[in-house]
Amino acid sequence: MPGVRVRFAPSPTGSLHVGGARTALFNWLFARGQGGRFILRIEDTDRERSSPEMVEDILDALRWLGLDWDEGPFLQSERLDRYRQVADWLVSANKAYRCFCSTDELAAKRQAASASGKSWKYDGACRELPPDQFRARHARGLPSVVRFKGTRVGEVVFEDRIFGRIAHRTEQIEDFVLVRSDGMPTYHLGVVLDDLDMNISHVIRGADHISNTPKQILLYQALERTVPDFAHLPLILGSDRTRLSKRHGATAVTTYREQGYLPDPFCNFLALLGWSPKTEVESLSTDELIRQFSLKGVNKSNAVFDPEKLSWFNSRYLRNAPAERLLPLIRVELEREGLWKGEFDSSDRAWMLKVIDLLKQRVRMVSDFATQGRAFFTDDFEIEDKARRKFLKNEALPLLMPELAARLESLPAFGLEEVESALRAFAAEKEVKAGLLINAARALLTGKAVAPGIFEVMAALGRDRTVARLSGTSWLENEPRAGE
Ligand code: GLU
């Protein structure tokens, strides 16, 4: 589609949350799939609630997700003159007017209406203010806002790309504020002017903005400009079917990054919040998402955020990703946990790749490499109680394990096959099941009841560490507490 220009326009009043990230992703996928442009705009006119730290958080989260923007970030706070200039023009063209009603007056009217069980919208008290009254109030320096002068007949109709035809009677739309008394533009004025000035072709945003759209269309019409296409995305709900919020757990994208989720599976998961691919396959790379994404595939019905599914996507991605790709991410985790310092040489690198391939089969998060895989990176690890209880109880083990260690120590080579046949031969000779030794070795070598194949573990740890851990006796002193 030629000339596709879309934007993501977050307000920096909090971290980038899952809903915002999904909006950004859909815009980005649409732009990338259509050969269009993705524009980033920061809607920071709410000076009290916006902060530069939040802008940074949002940019950081977008970068992590891989959602690169082609233009911007543009800050609304740097375009204030432009909004005021257009507001003045609207007033001079009799399409907007100054309103001197004070907050107290408006609150009193609203209260009176609600006392008699009616809803209230601005009654247009200042709409046709006679010029002498206007001048008198102006001369007294009374604070004023600029309100849009709406037409009172007919309908505003638009064809939403997802929700279909939406119509509103104009008489139901109040004369909304365009510029506040402190001179700051409202969301409606900022968003419409920016979308016009930035030549936005498609406004893709959350369904919570559907009710704002008729007002904005009236403003486009007043400015005598073409209205962009609108595509409102379904809401995201938590498992209890209420709108996703902190009550449902983490909502900030950066929290997921810290928890060890990876950007690709995270985007894959986000893409399915309200969009369905044409095929049954749900596990899609970012390139496949770009190829398949279309507004037609976006559903009207609300999406449900399922953390289990996210975790599944993440572990699947880890399992299938080449170790080379995971290495830099894991290295960050290891450094954070103090498990790796300094430079890698090429033999460290080769060893790390081997260990990553071993561990990635069982992890759900990148952080699991440092926790579940701790024993690969340090000798300072504990044997979990479950592993002790299940695998270290047998009374023959305190004698058998050091002997097995001695056997392994004397092997001419320490490859997979050598360690396996040595262990099996030793089990046969001692007339015990190989499983007894394998399970005990797993507990002593990894500290875990569940771990990768034991011979691979031995080969990866190498002879010295394997022998030291199997012959060590500290596990005998640390009996699990009673009742465990
Ligand atoms: N700043 C608005 C928000 O964060 C953007 C609304 C829009 O995309 O029009 O919800």
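Residues numbered from 1 in each chain as written. Predicted model: local features only at pLDDT ≥ 70, side-chain atom pairs only at ≥ 80, totals over all residues. Heavy atoms only, no water.

(A) Layout of the site of the ligand. All residues adjacent to the ligand are R7, A9, P10, S11, E43, Y187, V191, R205 and H209. E43 places a polar side-chain atom, nitrogen or oxygen, 2.6 Å from a nitrogen atom of the ligand. Between an oxygen atom of the ligand and a side-chain N or O atom of H209, the distance comes to 2.9 Å. When the ligand is considered free in solution it has 300 Å² of accessible area, and contact with the protein chains removes 80% of it. Of the residues in the shell around the ligand, the class split is four nonpolar, two polar and three charged. (Near = heavy atom within 4 Å. Polar contact = N/O pair within 3.5 Å; in protein donor to acceptor, adjacent residues only side chain to side chain. Areas by Shrake-Rupley, 256 points an atom, 1.4 Å probe, with all protein chains shown as cover. Nonpolar A, V, L, I, M, F, W, Y, C, P; charged D, E, K, R; others polar.)

(B) Focus on the sheet that holds strand 2 (residues 37-42). Across the sheet, three strands lie side by side as 1-2-3; this open sheet has parallel pairing. With partners counted over all chains shown, the strands left at the sheet margins are strand 1 (5-8) and strand 3 (71-75), one partner each. When strand polarity is set aside, the average angle formed by the axes of neighbouring strands in this sheet is 25°. Direction of pairing for strand 2 relative to strand 3: parallel, over a ladder of three bridges. Bridging across to strand 3, I39 finds its partner in E71. In the packing of helix 1 (residues 18-34) onto the sheet, the strands contacted are strand 1 and strand 2, and the crossing angle to strand 1 comes to about 165°. (Pairing = 2+ DSSP bridges. Helix = DSSP H or I, 4+ residues; strand = E, 2+ residues; numbered from the N terminus. Axes fitted to C-alpha atoms, helices over the stretch in contact; angles between N-to-C directions. Contact = heavy atoms within 4.5 Å.)

(C) Representation of the pairing of strand 9 (residues 202-206) within the structure. Burial of strand 9 is extensive: five of the five residues sit out of reach of the surface. As defined by bridge partners, strand 9 adjoins strand 10 (residues 229-233) across five bridges and the pair is classed as parallel. Bridged to V203 within strand 10 is F230. Handedness of the crossover is the feature at issue here: the chain leaves strand 9, passes through helix 7 (residues 213-222), returns alongside strand 10, and the resulting connection is right-handed. (Buried < 20%, exposed > 50% of the residue type's maximum accessible area, 1.4 Å probe, protein only. Right-handed = clockwise from strand over helix to strand, strands pointing away.)

(D) Looking closely at the environment of N439. Looking at where N439 falls in the secondary structure, it is placed in helix 19 (residues 434-446). You can call N439 partly exposed: its relative accessible area is 22%. For the pair N439 and A387, spaced 52 residues apart in the sequence, the C-alpha separation amounts to 8.5 Å. Polar side-chain contacts of N439 include one of 2.8 Å to the side chain of R442.

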